[in-house]
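# Analysis of the macromolecular model
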4 protein chains.
Amino acid sequence: MIHHLKGQLIEKNPTYVVIECNGIGYYINISLHTFSLIPDSEAVSVYTHLQVKEDSHTLYGFAEKSEREIFRLLISVSGVGTSTARMMLSSLQPREVTEAIASEDVATIQSVKGIGAKTAQRVILDLKDKVLKVLGDDEVFVSQSNTNKEEALSALEILGYNRRQAGKVVEKILKEDPESTVESIIKMALKKL
Amino acid sequence: MIHHLKGQLIEKNPTYVVIECNGIGYYINISLHTFSLIPDSEAVSVYTHLQVKEDSHTLYGFAEKSEREIFRLLISVSGVGTSTARMMLSSLQPREVTEAIASEDVATIQSVKGIGAKTAQRVILDLKDKVLKVLGDDEVFVSQSNTNKEEALSALEILGYNRRQAGKVVEKILKEDPESTVESIIKMALKKL
Amino acid sequence: MIHHLKGQLIEKNPTYVVIECNGIGYYINISLHTFSLIPDSEAVSVYTHLQVKEDSHTLYGFAEKSEREIFRLLISVSGVGTSTARMMLSSLQPREVTEAIASEDVATIQSVKGIGAKTAQRVILDLKDKVLKVLGDDEVFVSQSNTNKEEALSALEILGYNRRQAGKVVEKILKEDPESTVESIIKMALKKL
Amino acid sequence: MIHHLKGQLIEKNPTYVVIECNGIGYYINISLHTFSLIPDSEAVSVYTHLQVKEDSHTLYGFAEKSEREIFRLLISVSGVGTSTARMMLSSLQPREVTEAIASEDVATIQSVKGIGAKTAQRVILDLKDKVLKVLGDDEVFVSQSNTNKEEALSALEILGYNRRQAGKVVEKILKEDPESTVESIIKMALKKL
């Protein structure tokens, strides 16, 4: 629900920052990676992940969308909670995490506190295909400057379609009419899929 | 609880927009229909539906109140969740959805990904009477410029009274005193119903 | 958590208003009593009650603190939910509700839709003592311009002490030092109680 | 999630204040200690603790971070809820609470309404080591002007490491390179721990 927070930097610590938006001070947990990227300037902005539980609402903040993307992939693995994911992104650079997963480097993943051999293997098993996508896009899983094709593909994926299947249908649509808008590509794809 | 969000459009994608209100960026899921209606201008406003679950708070946004009204009717049907409802409103125009329900057109409803024959029939069974109301009102289920009668009727319905029954009582009251205010119509109706 | 909302009146209907604070539009359920008191001006303010449930966050709004006080007393009675409480405050004036409870007038309470004989009796049984307090204070259960004694008494009551018992102790403290501040009255009372 | 609230003081009572931020009035429960420290000026700021439960969201406010720190330690003890913790901080000064715990003074703790002998002993058992830390730091558990060492130690503790163990590793790192930045201290410590 909360995509990002932009406001006045009140406190900056290696594990959390406090950002004030219109009088409301938000306590945002961060990784060491994000700590190193957040400037000491007055106005800052971080991408956020809101964790809602029965007895708590907790915010996690990221200087880059791609780090948040990796964080969300990690916590989707059973046995990896938000603290362990934050720990991974504090012990290793985001790129080191994705490369370790892509290259099935169990030892590097297991070197992180709180991650045993089993969890490390599960991380690789669950995420190997997915991180290749994140590795491929420099800035962001779905970047703004994407072609119509990429935007349509990402939308179809969010709507629950398999990316490879959707890719074939989108290719055919673009072959017939390379000038199709994002909207019409999706409309036609929804009919064909 | 959150009726609408008005702020700066930060991101616009076929399946979501990010709107910033005073430094807080809201991630709002949208349908393709709403995507086609949201202008690329800086300031935008969408009607919202806040879905609260034990482990998440999710916002859905709509360019028109009537689309939100249909979305809320759809998710009231057991077996139709927010993703399926959003899918319906991405595959079909809102008016196509209401007309398919009103005319008991199972095939059109079933053509939407994630909706089988049984769910399609349940959608028609549960919503047929209700969508006729939405079809009748161009802009909004309860529009601002309604006559006192319509406003009183809508209020009595929200207070839990059957619309047809309440309608008879309201008619009698207006016959006795056509100049009655909304408030007095409701007061008297509450006493008679 | 949300004590009141002050902002731009976007919509005003007999059963709800929409108030916008900095781009966020809040949907606030109201009674007919509050509807009659809310001016049609641009800027409005209502006292609020936030109902948190596992699957919803719902706001109720009141033009007067005393109406909210009565609403909260009503929903503390088992069998009386927020809709029934709002119905009572739409069918009867707040003062009519408190007087019916104080005078054990079952018939009047039972005249409200959704309230049977048993619930009406339970309302009287549970609330009779409490509403006498609300009846006694014109504006508010705990008003700003209270004497130190009343403020201290209200604080001790919120801290969990019985009002009558706390009253005796506070009387003694004030007898010894009529000039005691609110704070010192409470401090000494906490030691004696 | 909500670290502090800064806005217009609308109401100030011994047990609660109402602070308005941009039209949203927040009801914040406070202790008598905080009541005595909050100025009667228009603009105020309090550190907050947001308690999230299935059926309520409740805010507690503190004039000092150290009082909030003690409050959070107290509610971490089984049998001590937010009301009892607030009661303790209304009956005793924060420093009296920490000293009573540090000096195992059961009688003083038991003098607080709602705390029996067993709970008093559990408070001491659970918190004795932790309050010594709070006693040691005048203003704040993790203060801004901390040395790199203290900031790194606090970060490592939040990341789940034992403070004493982490302390030894940090000492070694600083011996080798007294000029290490907070970030590099933590990075190296994460590798060694």
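Residues numbered from 1 in each chain as written. Chains lettered and ligands numbered in written order. Predicted model: local features only at pLDDT ≥ 70, side-chain atom pairs only at ≥ 80, totals over all residues. Heavy atoms only, no water.

Further remarks concern the nonpolar core. Core analysis: the largest hydrophobic core is formed by 236 residues, its most contacted members being Leu74 of chain A, Leu74 of chain B, Leu74 of chain C together with Leu74 of chain D. For Leu74 of chain D, the contacting residues outside a window of four places in its chain are Val80, Ala85, Met88, Val97, Ile101, Val123 and Leu127 of chain D. (Core = buried A, V, L, I, M, F, W, Y, C linked by side-chain atoms within 4.5 Å. Buried < 20%, exposed > 50% of the residue type's maximum accessible area, 1.4 Å probe, protein only. Contact = heavy atoms within 4.5 Å.)

The transformation that overlays chain B on chain A combines an axial shift of 0.0 Å with a rotation of 90°, and the residual RMSD is 0.0 Å. Both chain copies can therefore be described as sitting about a four-fold axis. By C-alpha distance to the rotation axis, the residue of chain B lying nearest is Glu54 of chain B, at 4.2 Å. (Least-squares fit on C-alpha atoms with pLDDT ≥ 70 in both.)

With respect to the helices and strands, Thr98 of chain A occurs in helix H4 (residues 94-102). Given the relative accessible area of 2%, Thr98 of chain A is considered buried. (Helix = DSSP H or I, 4+ residues; strand = E, 2+ residues; numbered from the N terminus.)

Attention shifts here to unusual backbone geometry. All names here are of chain A. For Asn22, which is not a glycine, the phi torsion comes out positive at approximately 55°. Here Asn22 is to be found in the loop between strand S2 (16-21) and strand S3 (24-29). Owing to a relative accessible area of 33%, Asn22 belongs among the partly exposed residues under this scheme.

This part is about the domain arrangement of chain A. All names here are of chain A. Taken domain by domain, chain A comprises domain 1 (4-62), domain 2 (65-136) and domain 3 (148-192). Relative placement of domain 1 and domain 2: their C-alpha centres are 22 Å apart. Summing both sides of the interface, domain 1 and domain 2 together bury roughly 1200 Å²; the carbon and sulfur share of this comes to 57%. For the interface between domain 1 and domain 2, the tally reads 10 residue pairs in polar contact (both at pLDDT 80 or more). Listing elements by their share of the side of domain 1 that touches domain 2, those giving two or more residues are helix H1 (32-37), strand S4 (43-53) and strand S5 (56-62). A total of 4 residues in the side of domain 1 that touches domain 2 trace back to one element, the largest contributor, which is S4. Among the residues making up the side of domain 1 that touches domain 2, the classes are represented as 5 nonpolar, 8 polar and no charged. (Domains from an automatic or database assignment. Buried area = accessible area lost by both parts, 1.4 Å probe. Polar contact = N/O pair within 3.5 Å; in protein donor to acceptor, adjacent residues only side chain to side chain. Nonpolar A, V, L, I, M, F, W, Y, C, P; charged D, E, K, R; others polar.)

Moving on to the pairing of strand S5 (residues 56-62) of chain C. Residue and element names in this part refer to chain C. In terms of residue burial, S5 counts as a mostly covered element, since 7 of its 7 residues are buried. Both faces of S5 are covered, namely the face carrying Ser56, Thr58, Tyr60 and Phe62 and the face carrying His57, Leu59 and Gly61. As paired strands, strand S3 (residues 24-29) and S5 are joined by 2 bridges and run parallel to one another. Across the sheet, the residue bridging to Ile28 is Leu59, located in S5. Examined bridge by bridge, strand S4 (residues 43-53) and S5 share 7 bridges and lie antiparallel to one another. (Pairing = 2+ DSSP bridges.)

Opposite charge on two side chains lets them pair, provided their charged atoms get close. Residue and element names in this part refer to chain A. Taken as a whole and judged by the stated rule, the model has 32 salt bridges over all chains. With a closest N to O distance of 2.8 Å, Glu157 and Arg163 form a salt bridge. Classification of Glu157 by relative accessible area gives partly exposed; the value is 28%. When its relative accessible area of 22% is taken as the criterion, Arg163 is described as partly exposed. (Salt bridge = Lys/Arg side-chain N within 4 Å of Asp/Glu carboxyl O.)

Moving on, we get to empty space enclosed by the protein. All chains considered together, the criterion is met by 7 cavities of 30 Å³ or more. Every residue lining the largest cavity is counted, 33 residues in all, and those nearest its centre are Tyr26 of chain A, Met1 and Tyr26 of chain B, Tyr26 of chain C together with Tyr26 of chain D. At the level of elements, S3 of chain A, strand S3 (24-29) of chain B, S3 of chain C together with strand S3 (24-29) and strand S4 (43-53) of chain D are the ones that each hand at least two residues to the lining of the largest cavity. Its residues assigned to classes, the lining of the largest cavity comprises 25 nonpolar, 8 polar and no charged. Considering the residues around the second largest cavity, the lining is formed by 16 residues, among which Lys53 of chain B, Lys53 and Glu54 of chain C together with Lys53 and Glu54 of chain D are closest to the centre. Tallied by class, residues from the lining of the second largest cavity come to 4 nonpolar, 4 polar and 8 charged. (1 Å grid on protein atoms, 1.4 Å probe; cavity = no way out; pocket = protein on both sides within 12 Å on 5 of 7 lines; lining within 4 Å. Points joined across faces, edges and corners; volume = space filled by probe spheres on them.)

Right, let's get into the interface of chain B and chain A. Listed by partner, the interface residues are 32 residues for chain B and 29 residues for chain A. Together chain B and chain A conceal approximately 2700 Å² of surface at their shared face, both sides included; 58% is due to carbon and sulfur atoms. In this assembly, chain B and chain A are joined by 2 salt bridges. Taking the shortest distance from any N to any O, the salt bridge between Lys65 of chain A and Glu11 of chain B comes out at 2.4 Å. Our count for the chain B to chain A interface comes out at 8 residue pairs in polar contact (both at pLDDT 80 or more). Of all the secondary-structure elements, those providing two or more residues to the side of chain B that touches chain A are strand S1 (2-12), strand S2 (16-21), S3, helix H1 (32-37), strand S4 (43-53), strand S5 (56-62) and helix H3 (82-91) of chain B. A per-class count over the side of chain B that touches chain A returns 13 nonpolar, 11 polar and 8 charged.

Attention shifts here to the packing of helix H8 (residues 163-176) of chain D against helix H9 (residues 182-192) of chain D. Residues and elements named next belong to chain D. The N-to-C vectors of H8 and H9 enclose an angle of 125°; their axes lie 10 Å apart at closest approach. Relative to H9, H8 is oriented oblique. For the crossing formed where H8 meets H9, the hand is right-handed. Of the residues in H9, those touching H8 at Val169, Val170, Ile173, Leu174 and Glu176 are Ile185, Met188, Ala189 and Lys192. For the contact of H8 with H9, the residue count by class is 7 nonpolar, no polar and 2 charged. (Axes fitted to C-alpha atoms, helices over the stretch in contact; angles between N-to-C directions. Parallel < 35°, antiparallel > 145°, perpendicular 65-115°, else oblique. Left-handed = near helix turned anticlockwise from the far one by under 90°.)

A cluster of like negative charges, contributed by Glu54 and Asp55 of chain A, Glu54 and Asp55 of chain B, Glu54 and Asp55 of chain C together with Glu54 and Asp55 of chain D, occupies part of the molecular surface. Relative to the elements of secondary structure, Asp55 of chain B occurs in the loop between S4 and S5. (Patch = residues over 30% accessible without salt bridge, like charges linked within 9 Å, V, L, I, M, F, W, Y side chains within 5 Å. Areas by Shrake-Rupley, 256 points an atom, 1.4 Å probe, with all protein chains shown as cover. Lys, Arg positive; Asp, Glu negative; His and termini not counted. Charge placed at Lys NZ, Arg CZ, Asp CG, Glu CD.)

For a regular strand, side chains alternate in direction, first toward one face of the sheet and then toward the other. All names here are of chain C. The pairing of strand S1 (residues 2-12) with S4 spans 5 bridges and is antiparallel. Counterpart to His4 in the pairing with S4 is Tyr47. Taking the residues between adjacent antiparallel strands as the criterion, S4 and S5 are bridged by 2 residues.

Before going further, it helps to examine the environment of Val18 of chain B. Along the chain, Val18 of chain B turns up in strand S2. Val18 of chain B has contacts with His3 and His4 of chain A together with Gln8, Leu9, Ile10, Glu11, Gly25, Tyr26 and Tyr27 of chain B, leaving out every residue within four places of it along the chain.

To continue, consider a positive patch on the surface. Residue and element names in this part refer to chain A. There is a patch of like positive charges on the surface, built from Arg164, Lys168, Lys172, Lys175 and Lys192. It is helix H8 (residues 163-176) that provides the largest number of residues to the positive patch, a total of 4 residues. By secondary structure assignment, the location of Lys192 is in helix H9 (residues 182-192).

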